[in-house]
Amino acid sequence: IITFGQDYYASYLTLLATKFDFTEGPLTSHLGVGYHIDQIKGEAIIEQTAQIWKFIKEFGYQDCKPAMAPAMVGPPPSEAACLAPYEGEWDMEAFIGHANYIHMCTRPDIGQVLKILSRFTKKFGKRHVEYAKHLLRYLKGTASEGLVYRTGLPMYYQIFTDASHASC
């Protein structure tokens, strides 16, 4: 729209204002994702602090002790862990859905735990819930973390991945 010129852009804004109440300005948040752009430092931080706290509160973990790593120590839960059922109420589908949104937008560091737990949305056991609760504790301790992009780096390819071939 802007490529057509300022007059066209101004008429577009006028037309838009007839149907929507809006303000024009720099992007600071969208769909629970916060954007912090510092052009002087050449840095963009993309985070989901508010979304993570909503997730933590939804599962009642706002008063928990933070964890230092996304996964618990020891082997991850498997299908055999389903034999020891969880005795309380736990919505694993909602947990996986919310964690997946956070993972896709700003937190690739929780991908391995999410990969493991997403196989057990319908049938899960006590160990699976413990694993999920540990992830909530980790997110509490790192709620303000996000993706950081910087300018001024040497001209070479940068690769960011959450792949772990160790579990294959």
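Preceding block: the structure.
To keep things clear, this report deals only with the structure shown in the data block. (Residues numbered from 1 in each chain as written. Predicted model: local features only at pLDDT ≥ 70, side-chain atom pairs only at ≥ 80, totals over all residues. Heavy atoms only, no water.)

**Topic: the sheet that holds strand β1 (residues 29-30)**
The four strands lie next to each other as β1-β2-β3-β4, forming an open sheet whose pairing is antiparallel. Taken across any chain shown, the strands that pair with only one partner, and hence form the sheet edges, are β1 and β4 (146-150). Sheet topology note: the strand β3 (residues 43-47)/β4 ladder contains five bridges and is antiparallel. Paired with I45 across the bridge in β4 is V148. (Pairing = 2+ DSSP bridges. Helix = DSSP H or I, 4+ residues; strand = E, 2+ residues; numbered from the N terminus.)

**What to know about helix α2 (residues 49-58)**
Because the α-helix completes a turn every 3.6 residues, residues three or four places apart line up on one side. For α2, the set of buried residues is Q51, I52, F55 and I56. Buried residues of α2 fall within an arc of 140 degrees about the axis and therefore sit on the same side. The exposed residues of α2 that point more than 90 degrees off its buried face are A50, K54 and K57. Its buried side turned inward, α2 meets α3 (92-105) and α5 (126-141). Following α2 by one or two positions, G60 adopts a phi angle in the positive range, close to 70 degrees. (Buried < 20%, exposed > 50% of the residue type's maximum accessible area, 1.4 Å probe, protein only. Arc of directions from axis to C-beta. Contact = heavy atoms within 4.5 Å.)

**Here's the deal with unusual backbone geometry**
Non-glycine residue L31 carries a positive phi angle of around 55 degrees. In this fold, L31 is placed in the loop between β1 and β2 (33-38).

**Regarding the nonpolar core**
F55, W90, M92, F95, L117, L135 and L136 are the most contacted members of the largest nonpolar core, which has 29 residues in total. Those elements that provide at least two residues to this core are α2, α3, α4 (111-117) and α5. Filtering out sequence-adjacent residues up to four positions away, F55 remains in contact with F95, H98, A99, I102, L136 and L139. (Core = buried A, V, L, I, M, F, W, Y, C linked by side-chain atoms within 4.5 Å.)

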